[in-house]
Amino acid sequence: MLSYLHSFHAGNHADILKHVTLLYTLLYFNKKDKPYTVFDTHSGRGLYDLQSESALKTGEAQNGICRLLQDFESQKRRLDGLVPYIDFVKDSLKKGFYPGSPAIEKSFINEKGILFLTELHKTEYEMLLSSMKSLVCRKVTVHVENKDGFSFLSGNTPPAIKRGLVLCDPSYEEEGDYFRAAEVLSSVHKKWSGATILLWYPLLANRAEQIENMKRSVLATVKNRDSHTEVLDAALLVDSPESHVETSLSESIGNSRPRLYGSGMFAVNPCWGLDEHLKSVLPYLSELLGREGNGGFSVSML
């Protein structure tokens, strides 16, 4: 199923959580002058226009990244931990685009690194190719593939450069995505046990069981292999679960309530300090982005 288009949701609260986590991880990897490999399994088009018809239809960016930027500009509350992310987004918007995860990865991966981007949707893939060509930054090695991200990741791990990370954020439009994410990432960890794996997941009231089963499956698999493997689970809530009865991620486009009541990041082998970093920024983000005082957060090492 290829109906999901991230252009409707670019810049929302889920993007903020995902990108803050991703950027902290990339900056941590860059502390050592060593090459590393990055896989982005569901890349999207890479660059987005927040003034497009699709973005304006949902208004999610206005309630997400635009609200965050406005609050930072007010100078009332400036968290040091968010400054690198805010500065990068502001600079990108001045250039006429909002950066998706591929833009963050290409801009921050070190020059010795290798970036693999996969996108199955043909039109999104072609736009991703164009985006990566137009994004002017340091010369880095980027491979863009019009392939299923799960299959590509499975078939290309472990990579030649074994230091590295995976960002996996499927659309979850298909119920089977929850099972497949758990299956593929567990298999990848078996082959590439040292990789940092970042799995984004939605918080949907009607998918609570699938979400928990997915996380439990990955956790059990990696802990059975090595009980010392670190696993982090962090969530950012912008509304209460009781308010939501969506049957899919796309059905509530244009509705008055956010389509998600939050989202989470499930990380295997998280880089050092990620838990404390998220603990420092999520209280602010949940208060700022929460609807009618219903924001919340959690950060747990499992």
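Residues numbered from 1 in each chain as written. Predicted model: local features only at pLDDT ≥ 70, side-chain atom pairs only at ≥ 80, totals over all residues. Heavy atoms only, no water.

Trainee: Teacher, can you tell me more about the sheet that holds strand β4 (residues 114–118) here?
Mentor: As a general point, the strands of a sheet are linked pairwise by backbone hydrogen bonds and lie either parallel or antiparallel. Strand order in the open sheet formed by 8 strands is β5-β4-β1-β6-β7-β9-β8-β10, and the pairing between neighbours is mixed. Because the sheet does not close on itself, it has two edges, and the strands there are β5 (141–145) and β10 (296–301). Taking the axes of each pair of neighbouring strands and ignoring which way they run, one obtains an average angle of 10 degrees across the sheet. Pairing of strand β7 (residues 196–203) with strand β9 (residues 262–268) involves 7 bridges; the strand directions are antiparallel. Residue pairing in the sheet places Leu199 in a bridge with Phe266 of β9. Most of the contacts of helix α9 (residues 208–225) go to β7, to which it runs at about 160 degrees, and overall it touches β7, β8 (231–237) and β9. Against the sheet, helix α10 (residues 274–289) touches β8 and β10, its axis set at about 10 degrees to β8. (Pairing = 2+ DSSP bridges. Helix = DSSP H or I, 4+ residues; strand = E, 2+ residues; numbered from the N terminus. Axes fitted to C-alpha atoms, helices over the stretch in contact; angles between N-to-C directions. Contact = heavy atoms within 4.5 Å.)

Trainee: What should I look at first to understand the packing of aromatic side chains in this one?
Mentor: The geometry of an aromatic ring pair is captured by the separation of the ring centres together with the interplanar angle, meaning the angle of the planes. Taken as a whole and assessed by the stated rule, the structure comprises 9 aromatic pairs. Summarising the aromatic geometry, the rings of Phe39 and Phe116 are spaced 5.0 Å apart at their centres and angled 15 degrees between planes, so their arrangement reads as stacked. With Phe39 in strand β1 (residues 37–40) and Phe116 in strand β4, this residue pair connects regions lying 77 residues apart in the sequence. Like Phe116, Phe39 is buried. Ring plane angle 35 degrees and centroid distance 4.7 Å describe the contact between Tyr172 and Tyr178, whose orientation is recorded as tilted. In terms of burial, Tyr172 and Tyr178 fall into one category: buried. Counting every residue linked through ring pairs, the aromatic cluster contains Phe39, Phe116, Phe152 and Trp192. (Phe/Tyr/Trp six-rings, centres within 6.5 Å; stacked < 30°, edge-to-face > 60°. Buried < 20%, exposed > 50% of the residue type's maximum accessible area, 1.4 Å probe, protein only.)

Trainee: So what exactly am I meant to see when it comes to the pairing of β9 here?
Mentor: In summary, the side chains of a regular strand alternate between the two faces of the sheet. Most of β9 is tucked away, with 7 of its 7 residues classed as buried. Residues of β9 alternate between two faces, with Gly262, Gly264, Phe266 and Val268 on one and Ser263, Met265 and Ala267 on the opposite face, all of them buried. Alignment of β8 against β9, held across 7 bridges, turns out to be antiparallel. In the strand pairing of β9, Ala235 is matched with Gly264.

Honestly, it's all geometry; don't read function into it.
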